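Each chain, letter by letter, is given below.
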Amino acid sequence: MVKLTLIARVTDGLPLAEGLDDGRDVPDADFYKQQVKALFKNLSMRQNDASRMSIETGPYIFHYIIEGHVCYLTMCDRSYPKKLTFQYLEDLKNEFERINGSQIETAARPYAFIKFDTFIQKTKKLYQDTRTQRNISKLNDELYEVHQIMTRNVQEVLGVGEKLDQVSQMSSRLTSESRIYADKAKDLNRQALIRKWAPVAIVLGVVILLFWVRTKIW
């Protein structure tokens, strides 16, 4: 069964819509929603991920498709047919693009298209029972195959994102340390100049002072 459904913009991970009553029958629903947010963040940082993927997490699987800079993601039981899942996502994608396509890039606040929940709930009901004639026909539809869609583990996927975060943090730290090093180098150069020329300046000062005193006496 479909458990969670969320839609986000890939370029920055901004959530655009979700199924409002999703997760009521899912233990630790907030935990899985946090994983989804982490996945959206990772997708926004990486440009070469597959446009369709399945990601295993506990007793469930995240499935997503990316089209037009938008990620359509759902979480289902592992036993739920993969073909139906991706056809469900295709239905969401087609309708979301049709009614909101021109506003996706300019959306500035989270869940700007939350009213799309009405369509999510209606469509989810159509896909809940895999034994209906409609869904059986979709399962037998040879025009839509999902065998080539990669399946990965959520820890593997999020681990890659954590490494990217670490690289970013390391880069920022190196930049900061480089600035500190440059400032210290300037201070050392200044101190070296002072040590080099201070004795000369003192001697010149003493000579000038003696000369001035001598002129005053004579």
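What comes next concerns the included structure. Predicted model only: the values in this text are computed from it and were never measured.

In this section: the nonpolar core. Within soluble globular proteins, side chains that are nonpolar generally end up buried alongside one another. Core analysis: the biggest nonpolar cluster contains 25 residues, and Ile-7, Leu-16, Phe-96 and Phe-116 have the highest contact counts within it. When contributions to this core are tallied by element, the ones reaching two or more residues are strand E1 (2-9), strand E2 (15-18), strand E5 (70-77), helix H2 (82-100) and helix H3 (117-128). When residues of this core are assigned to their parent elements, the largest contribution, 6 residues, is made by H2. Look past the residues within four positions of Phe-96 in its chain and what remains in contact with it is Ile-7, Leu-16, Ala-17, Val-70, Tyr-72, Gly-101, Ile-104, Phe-113 and Phe-116. Counting 23 residues, the second-largest nonpolar core is a separate cluster that includes Ala-8, Val-26, Ile-66 and Val-157.

Moving on, we get to the pairing of E1. Among the 8 residues that make up E1, 8 are buried, leaving the element largely enclosed by the rest of the structure. Strand direction decides the pairing type here: E1 and E5, joined by 7 bridges, are antiparallel. Bridge assignment links Val-2 to a residue of E5, and that residue is Cys-76. Sheet topology note: the E1/E2 ladder contains 3 bridges and is antiparallel.

What follows concerns a nonpolar patch on the surface. On the surface, Leu-193, Trp-197, Val-200, Leu-204 and Ile-208 cluster together into a nonpolar patch covering about 510 Å² of accessible area. Turning to its location among the elements, Leu-193 is positioned in helix H5 (residues 154-217). You can call Leu-193 exposed: its relative accessible area is 51%.

As a further point, take the packing of aromatic side chains. Inspection of the entire model under this criterion finds 7 aromatic pairs. Between the aromatic rings of Tyr-32 and Tyr-60, the centroid separation amounts to 5.3 Å while the plane-to-plane angle is 90 degrees, which identifies the pairing as edge-to-face. Of this pair, Tyr-32 sits in helix H1 (residues 29-45) while Tyr-60 sits in strand E4 (residues 60-67), placing them 28 residues apart in sequence. The residues Tyr-32 and Tyr-60 share a single accessibility class, namely buried.

Strand order in the open sheet formed by 6 strands is E2-E1-E5-E4-E3-E6, with mixed pairing between adjacent strands. Every interior strand has two partners, whereas the edge strands, E2 and strand E6 (150-153), have only one. Here the average twist between neighbouring strands, direction ignored, is 20 degrees. Direction of pairing for strand E3 (residues 52-57) relative to E4: antiparallel, over a ladder of 6 bridges. Across the sheet, residue Ile-55 finds its bridge partner in E4, namely Phe-62. Here H2 sits on the sheet and contacts E1, E2, E3, E4, E5 and E6; the angle it forms with E4, its principal contact strand, is near 40 degrees.

As for its position among the elements, His-63 is in strand E4. Polar side-chain contacts of His-63 include one of 2.7 Å to the side chain of Ser-54. Each residue touching His-63, except ones within four places of it in the same chain, is listed here: Met-53, Ser-54, Tyr-72, Leu-73, Thr-74, Cys-76, Lys-82, Thr-85, Phe-86 and Leu-89.

Turning next to the environment of Ser-51. Within the fold, Ser-51 resides in the loop between H1 and E3. The spatial distance from the C-alpha of Ser-51 to the C-alpha of Glu-67 is 7.2 Å, given a sequence separation of 16 residues. Once you skip the residues sitting within four places of it in the chain, Ser-51 turns out to touch Tyr-64, Ile-65 and Ile-66.

The next thing to look at is H3. Here H3 contains 12 residues, and its C-alpha end-to-end distance of 16 Å stays within 8% of the 16 Å for a straight helix at 1.5 Å per residue. Residues Asp-117, Phe-119, Ile-120, Gln-121, Thr-123, Lys-124 and Tyr-127 constitute the buried set of H3. If you follow the buried residues of H3, they end up packed against E1, E2, H2 and helix H4 (133-139).

Quick look at unusual backbone geometry now. Residue Asp-28 is not a glycine yet carries a positive backbone phi of 60 degrees. Mapped onto the elements of the fold, Asp-28 is located in the loop between E2 and H1. Among the residues examined, Asp-28 registers a relative accessible area of 57% and is labelled exposed.

Now for the environment of Ala-50. Note that Ala-50 resides in the loop between H1 and E3. Along the sequence, Ala-50 and Ile-66 sit 16 residues apart, while their C-alpha atoms lie 8.2 Å from each other. Setting aside residues up to four positions removed in sequence, Ala-50 forms contacts with Tyr-64 and Ile-66.

Reading the values: rules and limits
Residues numbered from 1 in each chain as written. Predicted model: local features only at pLDDT ≥ 70, side-chain atom pairs only at ≥ 80, totals over all residues. Heavy atoms only, no water. Core = buried A, V, L, I, M, F, W, Y, C linked by side-chain atoms within 4.5 Å. Buried < 20%, exposed > 50% of the residue type's maximum accessible area, 1.4 Å probe, protein only. Helix = DSSP H or I, 4+ residues; strand = E, 2+ residues; numbered from the N terminus. Contact = heavy atoms within 4.5 Å. Pairing = 2+ DSSP bridges. Patch = residues over 30% accessible without salt bridge, like charges linked within 9 Å, V, L, I, M, F, W, Y side chains within 5 Å. Areas by Shrake-Rupley, 256 points an atom, 1.4 Å probe, with all protein chains shown as cover. Salt bridge = Lys/Arg side-chain N within 4 Å of Asp/Glu carboxyl O. Phe/Tyr/Trp six-rings, centres within 6.5 Å; stacked < 30°, edge-to-face > 60°. Axes fitted to C-alpha atoms, helices over the stretch in contact; angles between N-to-C directions. Polar contact = N/O pair within 3.5 Å; in protein donor to acceptor, adjacent residues only side chain to side chain. Expected span 1.5 Å × (residues − 1).

So, to be careful, I would describe these as geometric facts and stop short of saying anything about function.
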